[in-house]
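Here is how the chains run, residue by residue.
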Amino acid sequence: MTAHLATLGALAILGLGYQELFVIFLLVLLLVGPKAIPALARALGQGMREFRSAANTFNDELTKEPPEEGKKPSVEPPATTAGK
């Protein structure tokens with residue numbers, strides 16, 4: 001029941017109802033065809049997964065504690081080749 005309410009909340013934020021979603025689904029079906037919808041859904045899921053992973057990595061880097069004074073950072077900066 002709570003998953004259904006969460007879905008309704010997300011739809012309300014987007015300003016979409018079930019009728020609008022049905023029309024969007026029909027347009028996608030007409031534009032890409034029924035055989036391409038699973039591949040399109042897989043690509044969308046993969047993109048969302050990669051975005052979420054990148055966002056989590058970015059958030060982890062922001063919340064990581066800075067190294068203490070006197071300790072060496074765990075990652076060395078790359079050597080520059082200026083002057084060559």
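Residues numbered from 1 in each chain as written. Predicted model: local features only at pLDDT ≥ 70, side-chain atom pairs only at ≥ 80, totals over all residues. Heavy atoms only, no water.

Enquirer: Explanation requested: the overall build of the protein in the structure shown.
Expert: Of the regular secondary structure elements, the protein holds 3 helices and 0 strands. In the protein, the succession of α and β elements from N to C terminus is α-α-α. In the protein, buried positions account for 2% of the 84 residues. Put simply, the protein shows about 8000 Å² of open surface, and 67% of that area lies on carbon and sulfur atoms. (Helix = DSSP H or I, 4+ residues; strand = E, 2+ residues; numbered from the N terminus. Buried < 20%, exposed > 50% of the residue type's maximum accessible area, 1.4 Å probe, protein only. Areas by Shrake-Rupley, 256 points an atom, 1.4 Å probe, with all protein chains shown as cover.)

Enquirer: How should I be thinking about a nonpolar patch on the surface in this particular structure?
Expert: A surface patch of nonpolar side chains, about 480 Å² in accessible area, is lined by V23, L27, L31, V32 and L40. For the nonpolar patch, the leading source of residues is helix α2 (residues 18–32), giving 4 residues. Structurally, V32 is set in helix α2. (Patch = residues over 30% accessible without salt bridge, like charges linked within 9 Å, V, L, I, M, F, W, Y side chains within 5 Å. Salt bridge = Lys/Arg side-chain N within 4 Å of Asp/Glu carboxyl O.)

Enquirer: Honestly, the pattern of salt bridges in this entry has me stumped. Any pointers?
Expert: Any two side chains of opposite charge can pair, on the condition that their charged atoms come close. All chains considered together, the criterion is met by 1 salt bridge. K64 is the salt-bridge partner of E61, the closest N and O atoms lying 3.3 Å from each other.

Enquirer: What should I look at first to understand α2 in this one?
Expert: Here α2 contains 15 residues, and its C-alpha end-to-end distance of 21 Å stays within 8% of the 21 Å for a straight helix at 1.5 Å per residue. Just downstream of α2, G33 is the residue with a positive phi angle, here 90°. (Expected span 1.5 Å × (residues − 1).)

Enquirer: Please explain the confidence of the model for the protein as it appears in this structure.
Expert: Summing up the model confidence of the protein, the mean pLDDT is 79 and the portion of residues at 70 or higher is 69%. Across the protein, element-level confidence peaks in helix α3 (residues 37–63) with a mean pLDDT of 92 and bottoms out in helix α1 (residues 2–14) with 60. (pLDDT = per-residue confidence, 0-100.)

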